[in-house]
Amino acid sequence: MRTRLILVTLLAAVLFVGVAGAQEHPLMNMIADRVIQKYQQASCEELWKKKGHKTDEEKNLIQLLRDDPQMRHAFIDKVAAPIANKMFDCGMLP
């Protein structure tokens, strides 16, 4: 019984930290969602053409993420899988 209570308490704490982390950077979440949508809607040809070319907005975002390691970690955690999957589908990853 006591072990079960400890497990439930730990699970609640983990869920709380996850939700709090998502709310910590609402602007970052909005930008991450836009980045994911951009990759999911782009054709492979469009991604190949844009590879290496960054807009001023993208450059500003990159600098912001370099200056804030916690935000960078949260951003990468959110966008890594969808972007990597699209790049793999397009032959951009081995």
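Cut-off values and rules
- Residues numbered from 1 in each chain as written.
- Predicted model: local features only at pLDDT ≥ 70, side-chain atom pairs only at ≥ 80, totals over all residues.
- Heavy atoms only, no water.
- Disulfide = S-S within 2.5 Å.
- Helix = DSSP H or I, 4+ residues; strand = E, 2+ residues; numbered from the N terminus.
- Buried < 20%, exposed > 50% of the residue type's maximum accessible area, 1.4 Å probe, protein only.
- Salt bridge = Lys/Arg side-chain N within 4 Å of Asp/Glu carboxyl O.

Caption draft 1: Highlighting the state of the cysteines. Counted under the stated rule, the structure contains 1 disulfide. Disulfide partner of C44: C90, at an S-S distance of 2.1 Å. With the S-S bond torsion at -75 degrees, the cross-link from C44 to C90 turns out left-handed. Of the two residues, C44 sits in helix α3 (residues 44-50) while C90 sits in the segment after α5 (69-89), which places them 46 residues apart along the sequence. Looking at C90, the relative accessible area reads 10%, which means it is buried.

Caption draft 2: Structural context of the environment of E45. Structurally, E45 is set in helix α3. A C-alpha to C-alpha distance of 8.3 Å links E45 and C90, two positions 45 residues apart in sequence.

Caption draft 3: Just the pattern of salt bridges, in detail. Applying the stated rule across the entire model yields 4 salt bridges. Residues D33 and K78 are paired through a salt bridge, measuring 3.0 Å at the closest nitrogen-oxygen approach. Of the two residues, D33 sits in helix α2 (residues 26-41) while K78 sits in helix α5, which places them 45 residues apart along the sequence. Overall, the relative accessible area of 39% leaves D33 in the partly exposed class. Here K78 falls in the partly exposed class, since its relative accessible area comes to 29%.

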